[in-house]
Amino acid sequence: MDTVLASPAQRPATVRRLSIPVVGMTCASCVGRVERVLAALPGASDVAVNLATGRAGLTLDGDPASAVAAIARAGYEVPDIDTDLSVAGLSCASCVGRVERALGAVEGVGSASVNLATGRATIRHAEGAVDVADLVATVQAAGYAASPVDEGAGDAEAERREREASGLRRDVVIAAALSAPIVVLDMGGHLIPGFGHAVQTHLGAVAALVQAALASLVLAWPGRRFFRLGIPALLKGHPDMNALVALGAGAAYSYSLVSTLTPAILPPGTAHLYFEASVLIVTLILLGRALEARARGRTGAAIARLVGLAPKTARIVRDGREEDVALASLRIGDVVRVRPGERIAADGVVVAGRSFVDESMVTGEPVPVEKGAGDRTVGGTLNTNGSLDLRVDTIGARTVLAQIVAMVQAAQGAKLPIQALVDRVTGWFVPAVIAASLLTFAGWLVLGPSPALGFALVNAIAVLIIACPCAMGLATPTSIMVGTGRAAELGVLFRNGGALQALRDAKVVAFDKTGTLTEGRPALTDLVAAPGFEADTALGLAASLESRSEHPVARSLVDAARARGLALSPPDRFEAVPGHGVEGAIGGRAVAVGARRHMDRLGIATGDLAEAASRLEAEGKSPLYLAVDGSLAALLAVSDPIKAGAAEAVSALKARGLTVAMVTGDARGAASGVAARLGITEIAAEVLPGGKVEAVRALRRRFGPVAFVGDGINDAPALAEAEIGLAIGTGTDIAVESADVVLMSGALSGIVSAIGLSRAVMRNIAQNLFWAFAYNVALIPVAAGLLHAFGGPLLSPILAAGAMALSSVFVLANALRLRKAGGTA
């Protein structure tokens, strides 16, 4: 890859004032150490480190990265951040490569990634080491317009895109209007008998001058963008699509102008006019770009719809009076009133009122959810039939809607591993096309029939025009944009674009049981007291001990005891043993509750109730033992209802050729009972929390890449170990940090949708890439005149321009088909 040296515009001054955050400082000694290493840097002055703010300030004449490296050598860390820029003027994969190389050469930048479909550049760098103004200047020096992305300015971004699309539409109309007379004058004779003779008789040389004047207007007005961007890129040694169009249209125009004004300098019989080719190339490519702009706007429709869900204002209640304020003015603690039919203004907790709320934008579930005092609300959801007062507890970027938008944007801006190959190919593709065009020109000039110059020019221009790599650059990002947007509408959030490819490659789906395949709300179903113990006494002791635990099974015992009217005593001592159970003291008596392995650990025999435990396990229930003062007191069984739709989801996954497994800490008998009801044959039971990672590894060794489905918190190690982690979310409780994919609703159909969408997106990308590459490979030789050598036709530059424009439109139209994908593929 070529190295781009930063221009003076990239670095306005070598001396700059830096303010760098430093992580890890705890005392004055730390401050002194950081100050010493920074002061020792060549060109450093005015060094000041503040422990309270955790920042180091200095004036540096040199590379900011040297300050970051010095802080790291001192044993402290400078966090990396991402800076996003909106980049206008990108037209092909070569543009993407040029901007990435330019940004990557800026001092202090670790990496830069540019997305053609979204028009965004994401720059990774140490915080405080890079000035955003330098990044903007760098992009501008590369020939493109840039500005920092304001996440709150979605309307401004939409307006900018609409202005760009409107400008393209206007230029298409102007180019078409100016080109029409040229086409009539030049090609009318081929369509209307006698027309050419009439033009020659009445206008003569004036006809050529009229064409020249109109063509000059087309290239200087609507076509100027190609020359303004393409010629500087060509001179800098990094030609792009604009350069190809400028070369093609410019060559046809210049040759025609010479033929019109000074035909004597050309070989006899070669003074032909190609004005119609030059203007139609510009018109057709502008038309293609206008269609692209329209289609790109539709690819981002999901984001626009999500952003548009948030109301612009909120009705707050103060001192009994209602007052409408801008949403941005809300503060934590404000009480907001939401009337029937209005969208809820903010994340919060209901303090008064009762209603049903449509949360489908969050969960994908169409059935409204009842809300009353104490229930949580999500900003942007729709209040249906009642009035609610809610207290705001989350604002800004931490709201659920903001996190959803941020995740979808991050996924849409990502590059899949397959994109690296595309980038490498397109890096040399345009120079190779120019070389092929020159070879075509030389070949026809030497070997072509007389007049060879005209053949050479026409075919060289056709090669330049037809091989523009627009479709290659759009093939992957447009599919990602549409696919992740559609997934968000179905309640499936891909945290990064790479998750699409990883999920497609999964061979086994492993489920956690409690809270994933089951409701996570177990209830006491059976209680068998040992000889010498009363059932109510045993339950009272077990519930009293478990009252200190937050585990769902503990709550089921407490609820059962209270339902029987039993009085609970606070434990004198309580200890939780992860993966085993709990133990402690109640009223001076030693009490323990847990699985059989917990009893084994305590040396308490369970043989007297072993037969009953086996029977309960066979019924899909989870047996627990109660021991009092070192003796077995009772056997309790809890059952966690299987989630609605779980069996259907498992069946659908198996139908798609996936192996389905269950990983749980429950006893094997209980796990087998649940698995049998769901049709799962691969079971890893009695697995301690730390053992889930090894269970994932074992599944990988047997079947291949693993997708693990859990609650996103307790299963974090397994989610991280698996090739792809899917977290079951429940509306506002989204485990965004623990998985690659978040399923907003607890419905397991979301997993089927996620896998179906990943396969559909990757299949769509493969189709786009095949079309983009096969199209160029097949048509470049045709444009060069290969068919003509065997008696076939030549490809006109005009047809080449139309075909090139249509190739990009085809890729975008194919990607837009994903808007209707239901995740069942």
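Residues numbered from 1 in each chain as written. Predicted model: local features only at pLDDT ≥ 70, side-chain atom pairs only at ≥ 80, totals over all residues. Heavy atoms only, no water.

With that settled, consider the overall build of the protein. On a plain count of helices and strands, the protein comes out with 28 helices and 29 strands. When the 825 residues of the protein are sorted by exposure, 52% land in the buried category. Nonlocal contacts in the protein, meaning residues at least 24 apart in sequence, comprise 69% of its contacts between residues at least 6 apart. Accessible surface for the protein amounts to roughly 34600 Å². Of this, 59% is attributable to carbon and sulfur atoms. (Helix = DSSP H or I, 4+ residues; strand = E, 2+ residues; numbered from the N terminus. Buried < 20%, exposed > 50% of the residue type's maximum accessible area, 1.4 Å probe, protein only. Contact = heavy atoms within 4.5 Å. Areas by Shrake-Rupley, 256 points an atom, 1.4 Å probe, with all protein chains shown as cover.)

Let us now look at the sheet that holds strand S4 (residues 80-88). In any sheet, the strands associate via hydrogen bonds between backbone groups, in a parallel or an antiparallel arrangement. Pairing within the open sheet is antiparallel, and its four strands lie in the order S5-S6-S4-S7. Single-partner strands in this sheet number two, and they are strand S5 (109-115) and strand S7 (145-148). For this sheet the average axis-to-axis angle between neighbouring strands, irrespective of direction, equals 25°. With four bridges joining them, S4 and S7 adopt antiparallel strand pairing. For Ser86, the partnering residue across the bridge sits in S7 and is Ser147. Docked against the sheet, helix H3 (residues 93-104) engages S5 and strand S6 (120-126), running at close to 160° with respect to S5. (Pairing = 2+ DSSP bridges. Axes fitted to C-alpha atoms, helices over the stretch in contact; angles between N-to-C directions.)

With six bridges connecting them, strand S8 (residues 313-318) and strand S9 (residues 321-326) associate as antiparallel partners. When the sheet's bridge partners are listed, Ile316 is paired in S9 with Glu323. Where S8 folds back on S9, the antiparallel hairpin that results is connected by two residues, among which Asp319 adopts a positive phi of roughly 55°.

What follows deals with the pairing of strand S22 (residues 589-594). On any regular strand, side chains alternate: one points to one face of the sheet, the next to the other face. Direction of pairing for strand S21 (residues 581-586) relative to S22: antiparallel, over a ladder of six bridges. Residue pairing across strands places Ile586 opposite Arg589, the latter belonging to S22. Linking two consecutive strands that pair antiparallel, namely S21 and S22, is a turn of two residues; a positive phi of about 55° is found at Gly587 within it. Relative to strand S23 (residues 622-628), S22 is paired through four bridges, and the arrangement is antiparallel. Looking at S23, one finds that Gly594 is bridged to Tyr625.

For the rest of this paragraph, the subject is unusual backbone geometry. The backbone of Asp46 shows a phi angle near 50°, a positive value even though the residue is not glycine. Here Asp46 lies in strand S2 (residues 44-50). Here Glu686, not a glycine, exhibits a phi torsion of approximately 55°, which is positive. Tracing the sequence through the fold places Glu686 in the loop between strand S26 (682-684) and helix H25 (691-703). The partly exposed category is assigned to Glu686, whose relative accessible area is 37%.

Moving on, we get to the sheet that holds strand S3 (residues 55-61). Read from one edge to the other, the open sheet built from three strands follows the order S1-S3-S2, with strand pairing classed as antiparallel. Looking at which strands have only one partner, the edges of the open sheet turn out to be strand S1 (15-21) and S2. On average, adjacent strands in this sheet sit at an angle of 15° to one another, irrespective of strand direction. With seven bridges joining them, S1 and S3 adopt antiparallel strand pairing. Residue Pro21 lies in a different strand from S3, and its bridge partner there is Arg55. Helix H1 (residues 28-39) contacts S2 and S3 of the sheet and is inclined by roughly 165° relative to S2.

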